Amino acid sequence: MTLTRFGFSIPSFTYPGVADTAMFDVVRSAATTAESSGFDSIWVMDHFHQIPQQGSADEPILEAYTLLAALAAVTRTARLGALVTGVTYRNPALLAKSVTTLDIVSGDRAVLGIGAAWYEEEHLAYGYEFPPVRERMDRLEDAVRICRAMFGGGPATITGKHHRTAGALNLPRPISGEGLPILVGGGGERRTLDIAARHGDACNIFGDPATVRHKLSVLEAHCERAGRDPAEISKTRLGALVMADTAAEAARIGAELRAKRNMSMDKYRDYTTEGTPDSVCEQVAELFDAGLDGLIFNLPDTADLDAIAAAGSVLSSNFA
C-alpha cells in the first residue's frame, strides 16, 4: 500500500506578528495550500511543549487531535494524522475512539500515527509517567493491538502487558469498514520496526538514503520472521525541505534553519533535502530508490504560502 506520496508536516505555530486569535487562520491557509498544490496528507506533532529540535519550550503549540478535527472541516482530500501520537499520553481505547471520530468527520481520511514517546521534560511538566523504554515499547504494542481491534467496531477484548479492554465498543466504525491505517513511527531496530512489521500498515523513519536502506532491510527481516509481505507496509520518511530558485539562496535558508534548530551539519544533511527544484527532485528520487513509498516534509516557514505551493507543485508534478 502507499499511505502517502508527499505529506506536509506542521511542526511549529510560531508566527511573528500574528495574534493567537488569528493563529488558526494561518494554519488553515497552510493546510489548504498544501492540499491544493499536491500534498496528499497533512500531519501535526503530538506535543504540548515545543520540542528542542523545533524551537523553545515557550513557543505556542496546538493540541494535535483538536487541530486535526478542525483541519478536517477545511480540507477535502488529504489524509490527516499525528506524526506521531505519544503512546503514554492517552488511554489506547480512547485514542481509537478519537481517531475514528476524526475519520467520520473527515470523510475517511484519518490515519493513526503512533510511537513510544520520548520527551521526558514534557511528561514531567504535565504529570505523565515516563516509564523506561522497554515499558514504553510494551505499551506501544498494547496500544496498536487495542486500536486494531477497536477499528473493527468491537467488542474488543485485549489483554496486554499494561493496557486492556473488556468488550470495548467503537461505533460508528471507521468509514471504510476495513479499519484505519496504523503508522508506527520510529527507527528502533529491535522493537519499533518489529512492531511495525507485525502490526502496522506503515512505518516512518529518518535518515539519508543509506540509513533508509539499512532500516528497511531490518524491517524486511522482521517481516520475514512474522510471515508478512513487506509490500503490505507503506514506508515513509520525515524530513525538512529547503527549496529555492538558486543553490545559494537555498543554502542561506538552510543555514538559518540549522541555527534556529541547533542542528549539527551532519544531522542537517541527514534530515534535510536542500537545493533548487532540479536538485530537490534528484534527492527525492534517491530516497525513493532507497525503498521509500512516501516522503513527509516540513518547511522552514509554514506560513509562507508561496513556498508551500511551490514545493507541492514541484513534487507532485515530477513524481507520479
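For the structure itself, consult the block above.
Conventions we followed
Residues numbered from 1 in each chain as written. Predicted model: local features only at pLDDT ≥ 70, side-chain atom pairs only at ≥ 80, totals over all residues. Heavy atoms only, no water. Axes fitted to C-alpha atoms, helices over the stretch in contact; angles between N-to-C directions. Helix = DSSP H or I, 4+ residues; strand = E, 2+ residues; numbered from the N terminus. Parallel < 35°, antiparallel > 145°, perpendicular 65-115°, else oblique. Left-handed = near helix turned anticlockwise from the far one by under 90°. Contact = heavy atoms within 4.5 Å. Phe/Tyr/Trp six-rings, centres within 6.5 Å; stacked < 30°, edge-to-face > 60°. Buried < 20%, exposed > 50% of the residue type's maximum accessible area, 1.4 Å probe, protein only. Lys NZ or Arg CZ within 6 Å of the ring centre and 35° of its normal. Expected span 1.5 Å × (residues − 1). Core = buried A, V, L, I, M, F, W, Y, C linked by side-chain atoms within 4.5 Å. Patch = residues over 30% accessible without salt bridge, like charges linked within 9 Å, V, L, I, M, F, W, Y side chains within 5 Å. Areas by Shrake-Rupley, 256 points an atom, 1.4 Å probe, with all protein chains shown as cover. Salt bridge = Lys/Arg side-chain N within 4 Å of Asp/Glu carboxyl O. Nonpolar A, V, L, I, M, F, W, Y, C, P; charged D, E, K, R; others polar.

A. Representation of the packing of helix H7 (residues 209–226) against helix H10 (residues 277–289). As a packed pair, H7 and H10 sit with axes 9 Å apart at the nearest point and diverge in direction by 20 degrees. By the angle class used here, H7 and H10 are roughly parallel. Where H7 crosses over H10, the two elements pack in a sense that is right-handed. For the pair H7 and H10, the contacting residues are Pro209, Val212 and Arg213 in the first and Glu286, Leu287 and Asp289 in the second.

B. View of the packing of aromatic side chains. Per the stated rule, a full pass over the model turns up 10 aromatic pairs. Measuring from ring centre to ring centre gives 5.5 Å for Phe8 and Phe39, while their planes differ by 50 degrees; the resulting arrangement is tilted. Of this pair, Phe8 sits in strand E1 (residues 6–10) while Phe39 sits in the loop between helix H1 (23–37) and strand E2 (41–44), and the two are 31 residues apart along the sequence. Residue Phe39 is classed as buried on the basis of its relative accessible area, which comes to 3%. An aromatic cluster is present here, built from Phe48, Tyr89, Tyr126 and Tyr128 joined pairwise through their rings. The ring of Phe288 carries the charged tip of Arg5 above its face, separated from the ring centre by 3.8 Å. A cation over an aromatic ring shows up here: Arg258 above the ring of Tyr268, its NZ or CZ 5.4 Å from the ring centre.

C. Structural context of H7. Between the first and last C-alpha of H7 there are 25 Å, a value that for 18 residues agrees with the 26 Å anticipated at 1.5 Å per step. Inspection of H7 places Pro209, Val212, Lys215, Leu216, Val218, Leu219, His222 and Cys223 among the buried residues, and these make up the whole buried set. Contacts from the buried residues of H7 go to helix H6 (192–199), strand E9 (202–205), strand E10 (234–243) and H10. Positioned one or two residues after H7, Gly227 has a phi angle of 70 degrees, which is positive.

D. Spotlight on the nonpolar core. Residues Phe6, Leu112, Ile114, Leu219 and Val284 are the most contacted members of the largest nonpolar core, which totals 79 residues. The dominant element in this core, judged by the number of residues it contributes, is helix H5 (residues 133–151), at eight residues. Residue contacts for Leu219: discarding those within four places in its chain leaves Leu193, Ala196, Ala197, Cys203, Ile233 and Lys235. If you look at the next biggest cluster of nonpolar residues, it comprises 16 residues, including Leu83, Leu183, Ala244 and Tyr268.

E. Layout of a nonpolar patch on the surface. On the surface, a cluster of nonpolar side chains totalling about 240 Å² of accessible area is made up of Ile104, Val105 and Ile175. Residue placement: Ile104 occurs in helix H3 (residues 92–106). The exposure class assigned to Ile104 is partly exposed, which follows from its relative accessible area of 35%.

F. Representation of the environment of Pro11 in the model. Here Pro11 lies in the loop between E1 and H1. The buried category is assigned to Pro11, whose relative accessible area is 3%. For the pair formed by Pro11 and His47, sequence separation is 36 residues and the distance between their alpha carbons is 9.4 Å. Look past the residues within four positions of Pro11 in its chain and what remains in contact with it is Met45, Gln50, Gln54, Ile61, Arg261, Asn298 and Thr302.

G. Examining the packing of H1 against helix H11 (residues 305–318) more closely. In contact at an axis separation of 8 Å, H1 and H11 are set at 25 degrees when each is read in the N-to-C sense. The angle between H1 and H11 falls in the class roughly parallel. Between H1 and H11 lies a crossing whose hand is right-handed. On H11, the residues touching Ser29, Ala30, Thr33, Ala34 and Ser37 of H1 are Leu305, Ile308, Ala309, Gly312, Ser313 and Ser316. Of the residues assigned to the contact of H1 with H11, the class counts are five nonpolar, six polar and no charged.

H. Molecular detail of the pattern of salt bridges. Per the stated rule, a full pass over the model turns up 14 salt bridges. With its nearest N and O atoms 2.9 Å apart, the salt bridge here joins Glu63 to Arg90. In this pair, Glu63 is assigned in the loop between E2 and helix H2 (64–74) and Arg90 in the loop between strand E4 (85–86) and H3, connecting sequence segments 27 residues apart. Glu63 gets classed as partly exposed once you look at its relative accessible area, which sits at 28%. Since its relative accessible area comes to 16%, Arg90 is described here as buried. Each member of the salt-bridge network shares a partner with another, and the members are Asp138, Glu141, Lys161, Arg191, Asp194 and Arg198.

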